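Residue-level listing of the chains:
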Amino acid sequence: RIIHARFMKKNGGDVLPEAYERLLKLLPMYGLPRHPEETLREYAVSVDRELGTHEMKTLTASYEKARYRGDRSDESWQESKTLWEAIMKRLMMSR
């Protein structure tokens, strides 16, 4: 919950990569490990399948834009924040 609050209060273009990378570290703790041969997109599909959602795939696409294309606008994080929060809520409910 502390991690969740930390990112929800932040704004700015650098938040999305930081939040996404933190999410990648949290997912294995909830029984969703990433296999070494999996790309981020493949992993996102796997996570979505387990959570019964589509948010991780969409969030991954936003992360890739921010990380590799340099799209680090405030709007990018604001749009992704809803997806990130939905994934976090599903993880919390799965415990």
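The present account deals with the structure reproduced in this document. All figures in this text were calculated on a predicted structure; none of them were measured in a lab.

### Brief notes about the overall build of the protein
Each helix and strand counted, the protein has 5 helices and 0 strands in total. Shown N-terminal to C-terminal, the secondary structure of the protein runs as helices and strands in the order α-α-α-α-α. For the protein, with 95 residues in total, the buried portion stands at 43%. Across the protein, contacts joining residues at least 24 apart in sequence account for 65% of those joining residues at least 6 apart.

### Things to note about the pattern of salt bridges
Under the counting rule described, the total for this entry stands at 2 salt bridges. Residue R67 is joined to E21 by a salt bridge in which the shortest nitrogen-to-oxygen separation is 3.1 Å. Taken together, the positions of R67 in helix α4 (residues 55-68) and E21 in helix α2 (residues 15-26) put the pair 46 residues apart, joining distant regions of the chain. Overall, the relative accessible area of 41% leaves R67 in the partly exposed class.

### Considerations on the packing of helix α3 (residues 40-51) against α4
Taken N-terminus to C-terminus, the directions of α3 and α4 make an angle of 155 degrees; their axes are 7 Å apart at the nearest point. Compared by their axis directions, α3 and α4 come out roughly antiparallel. α3 and α4 meet at a crossing whose hand is right-handed. Taking contact as the criterion, the partners of L40, R41, A44, V45, V47 and D48 in α3 are, on α4, E55, M56, K57, T60, Y63 and E64. By residue class, the composition of the contact of α3 with α4 is 6 nonpolar, 1 polar and 5 charged.

### Observations regarding the side chain of S80
As for its placement among the helices and strands, S80 is situated in helix α5 (residues 74-94). Among the polar contacts listed, one links the side chain of S80 to the side chain of S62, at a separation of 3.5 Å. Among residues more than four places away in sequence, those in contact with S80 are L16, L59 and S62.

### Some words on the nonpolar core
Counting 25 residues, the largest nonpolar core has L23, L27, M56, L59 and L91 as its most contacted members. Of all the secondary structure elements, the ones that give two or more residues to this core are α2, α3, α4 and α5. Ranked by residues supplied to this core, first place goes to α2 with 7 residues. Contact partners of L27, with chain neighbours within four places excluded, come to L32, Y43, V47, M56 and L91.

Procedures and definitions
- Residues numbered from 1 in each chain as written.
- Predicted model: local features only at pLDDT ≥ 70, side-chain atom pairs only at ≥ 80, totals over all residues.
- Heavy atoms only, no water.
- Helix = DSSP H or I, 4+ residues; strand = E, 2+ residues; numbered from the N terminus.
- Buried < 20%, exposed > 50% of the residue type's maximum accessible area, 1.4 Å probe, protein only.
- Contact = heavy atoms within 4.5 Å.
- Salt bridge = Lys/Arg side-chain N within 4 Å of Asp/Glu carboxyl O.
- Axes fitted to C-alpha atoms, helices over the stretch in contact; angles between N-to-C directions.
- Parallel < 35°, antiparallel > 145°, perpendicular 65-115°, else oblique.
- Left-handed = near helix turned anticlockwise from the far one by under 90°.
- Nonpolar A, V, L, I, M, F, W, Y, C, P; charged D, E, K, R; others polar.
- Polar contact = N/O pair within 3.5 Å; in protein donor to acceptor, adjacent residues only side chain to side chain.
- Core = buried A, V, L, I, M, F, W, Y, C linked by side-chain atoms within 4.5 Å.

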